[in-house]
Amino acid sequence: MSHNGLSRRRFLQLSGATGAALTLAACVPSAPGDDMAGPAAEARVVSHYAQGLTPRERLETDRWDPPQALWTLEEAYKDLHPDVDLEFIESVASGYDEWMVTQLTAGTAPEILWYQRGWIARDYEKNWFNNLDPYLSQPNPYVEGYDSWKDTFQGPVIASGTAPDGHIYLITGDIVGTGFFYNKSKFDELGLAVPETWAEYEVAQQAIADSGTTPFSVSYHLQGGTPLYGSWTTRVFQDVLYDHKMAQISGGTPVSRTWKPGEGLQPPAMVRAIRDGNYAATDPEWLEMLRLMKEWSVHYPEGFWALPSADVFRLWAEGEAAVAWLGSWMNKPVRNDPLIEFEWGIFPKMPTVTQETSQYGGLGFPAMAGVGGVFQYITTTVAEERGVLDDTIDWLQFLTAPPNLIEALNDHGGFAPGVKDTSGADPTLAVYTDMLVDFGAERIEPFDSMLTREFVDAMWRNLQQFMAGELSADEMSSIMQQEMELAAQQLLNEHPDWAEA
Amino acid sequence: MSATLSTPSTGQSAVARPRIARIARYRTAYLWLIPTFALLLIFNYYPALSALYHSLFQWNGANIKLFVGVSNFVDLWNDPLWWESFTHLIILTVALVAINLTFPLGAAAMIFHLWNLRAAYFYRVLLVVPMVVPGLVILMIWMFIYSPNIGLLNQSLALVGLENLQRFWLGDFKLALYAIIFVGFPWVAGIGTLIYLAGFQAIPSELMDSAVIDGASTWQRLAFVELPMVLSQIKLVVILTVITAFQNFTIVLVMTNGGPGTKTLVPGLHLYKAAMAYNRMGYACAIGTVLFFLTLVLTYLNHRYLRSSVEFTGS
């Protein structure tokens with residue numbers, strides 16, 4: 001019987017060659033649509049990271065329906081454009097900023113990325129995303145009755161995506177709000193009314209604490225706590241405490257409170273104010289902000305700096321805390337969560353810090369709300385390189401046609417539409433948009449986007465230490481002044497045109 | 001003259017020819033090595049050299065790339081966060097080396113001394129099984145254990161009446177770093193135990209028998225025969241522990257993000273943030289370069305000085 005099998009040497013040669021070939025093949029980047037067969041191979045792919053609007057199936061552990069409207073809209077779009085495939089990138093659980101920077105730096109980003117308007121100033125010169133002015137000036141083919149795509153949006157909403165060079169880089173389609181959600185049953189039980197001043201609020205909080213309930217649910221955990229609650233608190237406090245100094249910070253021009261994002265003190269103005277000593281972490285107003293925050297923190301949950309941020313809602317929903325600062329994105333969960341067994345409401349406005357509480361008090365708080373929530377998308381320059389920029393823009397135009405946008409936002413339940421035609425929008429969101437329009441938004445650029453990413457990290461790290469009692473107010477202020485000057489100088493080096501107004 | 005000139009050339013060819021012939025003879029083996037070396041070059045050597053090169057630039061990964069010489073290294077020297085993170089790294093490394101020199105070694109010695117081979121096999125498998133659980137899952141479990149309100153640790157303390165010992169483990173400014181070190185307790189289900197066990201099993205039985213015949217007690221055998229015989233494994237574990245401690249920041253990133261404040265920040269996380277959050281790619285490369293050379297020096301010192309006067313080689 002003859003042996004017809006491979007010799008060992010031949011087998012090893014073949015295996016080696018095959019292994020090398022497979023390895024090399026695996027290293028070759030695939031062209032878009034490579035995995036398609038037959039006619040579908042010609043389809044162009046637009047990938048979209050839609051953040052909170054990313055559709056997904058309901059899980060057994062979900063206590064309310066997850067967003068799914070983009071799937072419906074995708075089907076409708078496919079009917080019109082069978083040659084375009086849409087791909088929704090799964091939600092990035094944490095470290096989004098790092099993920100995004102990595103994708104953009106490596107040139108592997110999706111065609112559409114969720115992006116915060118506050119980041120534009122520091123990134124717009126990096127050639128990561130496209131100037132959308134040429135598209136916005138043309139009509140949206142999916143909307144009738146408007147001269148341009150830009151005209152279909154509420155002016156301040158679409159203008160919020162404007163970079164210091166005057167061009168719009170971001171499609172913003174929604175409005176977001178926050179509010180003090182309170183346990184009405186608890187307030188009634190203790191005979192408390194919604195406080196109007198900070199002094200009244202202090203009395204109410206003490207009464208709640210005396211009854212054995214945590215007055216205010218909040219987290220200063222570094223992951224999702226301080227970057228949220230530290231940011232909100234400093235934004236609104238700064239606006240009130242620095243009110244008398246706004247013109248000085250702006251370099252002489254009065255700054256009125258409005259809900260239009262572009263009319264506040266933008267990063268270039270803040271950089272100049274820091275350089276000229278018109279805004280500093282050593283200001284008495286800054287120290288007053290720290291004092292008020294520290295005093296308020298006695299009513300926070302024990303160990304709030306170590307509390308996982310998800311516990312903020314849980315403590316309130318389970319009745320362990322009487323008030324929680326939640327956002328409009330919790331509108332749907334709050335209304336549908338079976339855990340909530342009490343009557344609840346939202347403070348019509350934050351209690352005012354009067355001069356009884358602070359020498360810099362007197363002005364009511366702005367709304368902790370603003371333009372741009374879940375619907376803030378850039379189109380990456382990668383889209384152009386892949387030859388699908390026109391498809392990418394077309395999908396965004398389809399998505400921002402008012403009926404489609406409202407369908408997506410209503411399905412999510414937490415954001416009001418930022419287009420002019422709001423027919424069919426969820427009426428329960430009016431409370432947030434009303435607050436924004438009535439009280440305006442903060443005028444000083446939030447720390448999140450005021451200077452550099454490094455600065456904001458230092459800010460939250462030190463704020464957490466200050467709130468936990470590891471740093472004194474003077475130490476915190478001195479450290480942050482150094483960080484502020486360093487970051488401002490870095491930005492001036494990167495953007496010499498910011499030096500003059 | 002021409003004959004004189006041609007001599008060296010002939011000599012070189014004479015040396016080169018057998019080498020080429022040898023390579024040709026083992027071409028299959030060399031062919032097998034090509035993919036490995038190609039991948040090593042692409043994914044290990046090239047990025048490392050690229051990092052060394054880019055550490056001399058102010059580079060944001062996008063549109064700014066300026067040659068700045070050693071400026072990034074000077075900045076690093078003056079960066080208080082670097083020094084704080086480095087202090088944490090030293091604490092972590094010392095603790096991890098101490099842990100890996102005791103618990104896994106003890107576990108391996110105990111398994112080695114089991115008379116019942118089936119039991120020894122059973123315990124060996126028991127130690128290997130947790131290694132197949134993804135590291136991230138382990139970290140999530142430990143985050144749950146440390147959770148201040150519903151965590152196993154605080155709840156267990158309450159159950160036995162020790163509420164006064166309850167802490168915000170990962171949020172406590174004084175304890176967070178030690179809570180990180182404690183992750184994985186009792187630290188025996190790792191590669192270290194298996195390395196030690198392999199070392200114990202390679203000890204020649206004649207050596208053990210002669211120690212017994214000479215009247216050595218169990219402790220004396222362990223101290224004067226077995227431990228010197230596994231010294232090369234101990235060195236390997238120390239090197240691997242130091243390298244892992246210097247490189248790995250996943251545990252800190254996932255569990256504390258360097259907090260509270262900066263109390264658990266380590267150089268790896270500092271590097272990651274500099275690169276991925278702050279776009280300071282050149283500075284991140286400088287951190288990476290320093291960590292690389294520090295690891296290299298420590299590895300060399302370990303090889304050079306961690307040597308016993310009675311280091312044996314098992315036959």
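Residues numbered from 1 in each chain as written. Chains lettered and ligands numbered in written order. Predicted model: local features only at pLDDT ≥ 70, side-chain atom pairs only at ≥ 80, totals over all residues. Heavy atoms only, no water.

Quick look at the interface of chain A and chain B
Here is the rule: The criterion used for residue contact is that any of the two residues' heavy atoms lie within 4.5 Å. Two parts placed together each lose some accessible area under a 1.4 Å probe, and adding up what both lose gives the buried area. Within 3.5 Å is the distance limit for a polar contact, defined as a pair of N or O atoms, with the added protein rule that one can donate a hydrogen and the other accept it, and that residues adjacent in sequence qualify only through two side-chain atoms. By definition, any uninterrupted DSSP run of H or I lasting at least four residues is a helix, any uninterrupted run of E lasting at least two residues is a strand, and each is numbered from the N terminus.
Facing the 37 residues of chain A at the interface are 38 residues of chain B. Of the roughly 3100 Å² buried at the junction of chain A and chain B (both faces included), carbon and sulfur atoms supply 58%. Between chain A and chain B we count 8 residue pairs in polar contact (both at pLDDT 80 or more) in total. Counting only elements with at least two residues in the side of chain A that touches chain B, the list comes to α1 (8-27), α3 (96-106), α13 (310-317) and α20 (453-467) of chain A. Counting residues per element, the side of chain A that touches chain B draws most heavily on α1 of chain A, at 9 residues.

Describing the packing of helix α5 (residues 103-112) of chain B against helix α10 (residues 191-201) of chain B
Residue and element names in this part refer to chain B. For clarity, the cut-off: Here the axes come from fitting lines to C-alpha atoms, over the contacting stretch only for helices, and the angles between their N-to-C directions go from 0 to 180 degrees. An angle below 35 degrees is treated as roughly parallel, one above 145 as roughly antiparallel, one from 65 to 115 as roughly perpendicular, and anything else as oblique. Handedness of a crossing follows from how the near helix is turned relative to the far one, being left-handed for an anticlockwise turn of less than a right angle and right-handed for a clockwise one.
Following both chains from N to C, one finds α5 and α10 inclined at 45°, their axes separated by 8 Å at the closest point. Accordingly, the angle class assigned to the pair α5 and α10 is oblique. Along this stretch, α5 crosses α10, giving a crossing that reads as right-handed. Of the residues in α10, those in contact with P104, L105, A107, A108, A109, I111 and F112 of α5 are G192, T193, Y196, L197, F200 and Q201.

Examining the packing of aromatic side chains
Residues and elements named next belong to chain B. To keep things clear, this is the line we draw: Aromatic rings from Phe, Tyr and Trp, with only the six-membered ring used for Trp, were paired whenever their centres fell within 6.5 Å, and each pair was classed as stacked if the ring planes differed by under 30 degrees, edge-to-face if by over 60, and tilted otherwise. Each residue is assigned to one of three classes by its accessible area relative to the maximum for its type, calculated with a 1.4 Å probe on protein chains only: buried under 20%, partly exposed between the two thresholds, exposed over 50%. Whether a charge lies above a ring is judged from NZ of Lys or CZ of Arg, which has to be within 6 Å of the ring centre and within 35 degrees of the ring normal.
Summed over the entire model, instances satisfying the criterion amount to 71 aromatic pairs over all chains. Their ring planes at 70° and their centres at 6.5 Å tell us that F103 and F185 sit as a pair that is edge-to-face. Here F103, found in helix α5, pairs with F185, found in the loop between α9 (176-182) and α10; they are 82 residues apart in sequence, far enough to count as distant. You can call F185 partly exposed: its relative accessible area is 42%. With a centroid separation of 5.3 Å and 15° between ring planes, the pair formed by F112 and F200 is classed as stacked. Placement of the pair is F112 in helix α5 and F200 in helix α10, with a sequence separation of 88 residues. Above the face of the F57 ring, K65 is positioned so that its terminal group lies 5.5 Å from the ring centre.

Let's talk about the pattern of salt bridges
Residues and elements named next belong to chain A. Using the following cut-off: For this analysis, a salt bridge means a side-chain nitrogen from Lys or Arg found within 4 Å of a carboxyl oxygen belonging to Asp or Glu.
Counted according to the given criterion, the structure contains 26 salt bridges over all chains. Here D243 ties to R443 by a salt bridge, and the two come within 2.9 Å at their closest N and O atoms. Residue D243 is found in the loop between α9 (226-241) and α10 (246-250), and its partner R443 is found in the loop between α18 (430-439) and α19 (447-450); the two are separated by 200 residues along the sequence. Residue class for D243 comes out partly exposed when judged on its relative accessible area of 32%. Accessibility expressed as a relative area gives 6% for R443, which makes it buried.

Observations regarding the environment of Y182 of chain A
Residues and elements named next belong to chain A. Tracing the sequence through the fold places Y182 in strand β5 (residues 174-183). Given a relative accessible area of 9%, Y182 falls into the buried group. Taking the C-alpha atoms as reference points, Y182 and V298, separated by 116 residues in sequence, lie 18 Å from one another. Beyond its immediate chain neighbours, meaning those up to four positions away, Y182 contacts F187, V194, W316, A322, V323, E343, W344, G345, I346 and F347.

Focus on the nonpolar core
Using the following cut-off: As used here, the term nonpolar core means buried Ala, Val, Leu, Ile, Met, Phe, Trp, Tyr and Cys residues forming a set that is joined through side-chain atoms within 4.5 Å.
Of all hydrophobic cores here, the largest spans 128 residues; its most connected members are Y220, F237, Y279, W286, W325, F447 and L451 of chain A. Of all the elements, α20 of chain A adds the most residues to this core, at 8 residues. If we skip the residues at most four places from it in the chain, W286 of chain A touches Q238, Y242, Y279, A280, A281, F447, M459, M476, S477, M480 and M484 of chain A. Residues Y196, L197, I203 and Y283 of chain B belong to the second largest nonpolar core, which totals 39 residues.

With respect to the packing of helix α4 (residues 80-100) of chain B against helix α16 (residues 281-305) of chain B
Residues and elements named next belong to chain B. Note the cut-off: The residue classification treats Ala, Val, Leu, Ile, Met, Phe, Trp, Tyr, Cys and Pro as nonpolar and Asp, Glu, Lys and Arg as charged. All others, Gly included, are polar.
Between α4 and α16, whose axes approach to 13 Å, the crossing angle comes to 35°. Note on packing geometry: the crossing formed by α4 with α16 is right-handed. For the pair formed by α4 and α16, the contact residues are W82, F86 and L89 on the first element and I287, V290, L291 and L294 on the second. Classifying every residue of the contact of α4 with α16 gives 7 nonpolar, no polar and no charged.

Digging into the confidence of the model for chain B
All names here are of chain B. Applied cut-off: Note: pLDDT gives the predictor's confidence per residue, expressed from 0 to 100.
In the predicted model, chain B carries a mean pLDDT of 87, and 92% of its residues have values of at least 70. Across residues 1-10, confidence stays below pLDDT 50; counting only partners more than four residues off in sequence or on other chains, it has 0 contacts. Scored as a whole, the predicted complex attains pTM 0.80, and scored at its interfaces, ipTM 0.74.

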